[in-house]
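Now for the letters of each chain:
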Amino acid sequence: MDDKKITNQLSIRDLFRLSLRIFKTKPIRTLLTVLGMSVGIGTVIFLVSLGYGLQYILIGKLVTTEDSLRTLDVYYPSESVLTIDEKRVFNISFTSGSAEVSPVAEFTGETSMSGGNGLIITRIVSPNYFRLSGLSIDIGSAFGDKEP
């Protein structure tokens, strides 16, 4: 008996020879398969690039128009006993770079309807809040400065 080890591994040379054999036996099928995979990969890359490009253009248009707003919400955490009073709102409104200020008071509440009770968030706002926040009113109309 020989002391040679029998291995079931192919050498690199044999692997290349087997891989390249398909080019000799069925060259058209191999070419079409490679072409199809290339077109598929190219399409995916094109669509992802197009999506990122459109996103970049859209965000650029939104940020650079004069209708775009930069907003800053200033508040203390609800656990603290600190509040933002009218004097601080007045000081914030005269900070450099501040064009307009709209104070908002927010409270949690409970409502009772025919279907039962529910928790709601109640906001007390000034008339310019809707314009500054970008919210649109679905039902009814916005109130003005002269209305209570």
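In this text the structure is predicted, and so the values were computed from the model without any measurement.

Cut-offs applied
- Residues numbered from 1 in each chain as written.
- Predicted model: local features only at pLDDT ≥ 70, side-chain atom pairs only at ≥ 80, totals over all residues.
- Heavy atoms only, no water.
- Helix = DSSP H or I, 4+ residues; strand = E, 2+ residues; numbered from the N terminus.
- Contact = heavy atoms within 4.5 Å.
- Areas by Shrake-Rupley, 256 points an atom, 1.4 Å probe, with all protein chains shown as cover.
- Polar contact = N/O pair within 3.5 Å; in protein donor to acceptor, adjacent residues only side chain to side chain.

Digging into the overall build of the protein chain
Moving on, step 1. If you tally the helices and strands in the protein chain, you get four helices and two strands.
Moving on, step 2. Starting at the N terminus and ending at the C terminus, the protein chain contains elements arranged as α-α-α-β-β-α.
Moving on, step 3. The contacts in the protein chain between residues at least 6 apart in sequence include a share of 18% that link residues at least 24 apart.
Moving on, step 4. Within the structure as shown, the protein chain displays about 14300 Å² of accessible surface, and the carbon and sulfur contribution to it stands at 62%.

Quick notes on the side chain of Thr-30
Moving on, step 1. Note that Thr-30 resides in helix H2 (residues 27–64).
Moving on, step 2. Only 2.9 Å separates the side chain of Thr-30 from the backbone oxygen of Lys-26, close enough to count as a polar contact.
Moving on, step 3. Those residues within four positions of Thr-30 in sequence are excluded, and the remaining contacts are Ile-22 and Phe-23.

So far we have only geometry, and geometry alone does not tell us how the molecule works.
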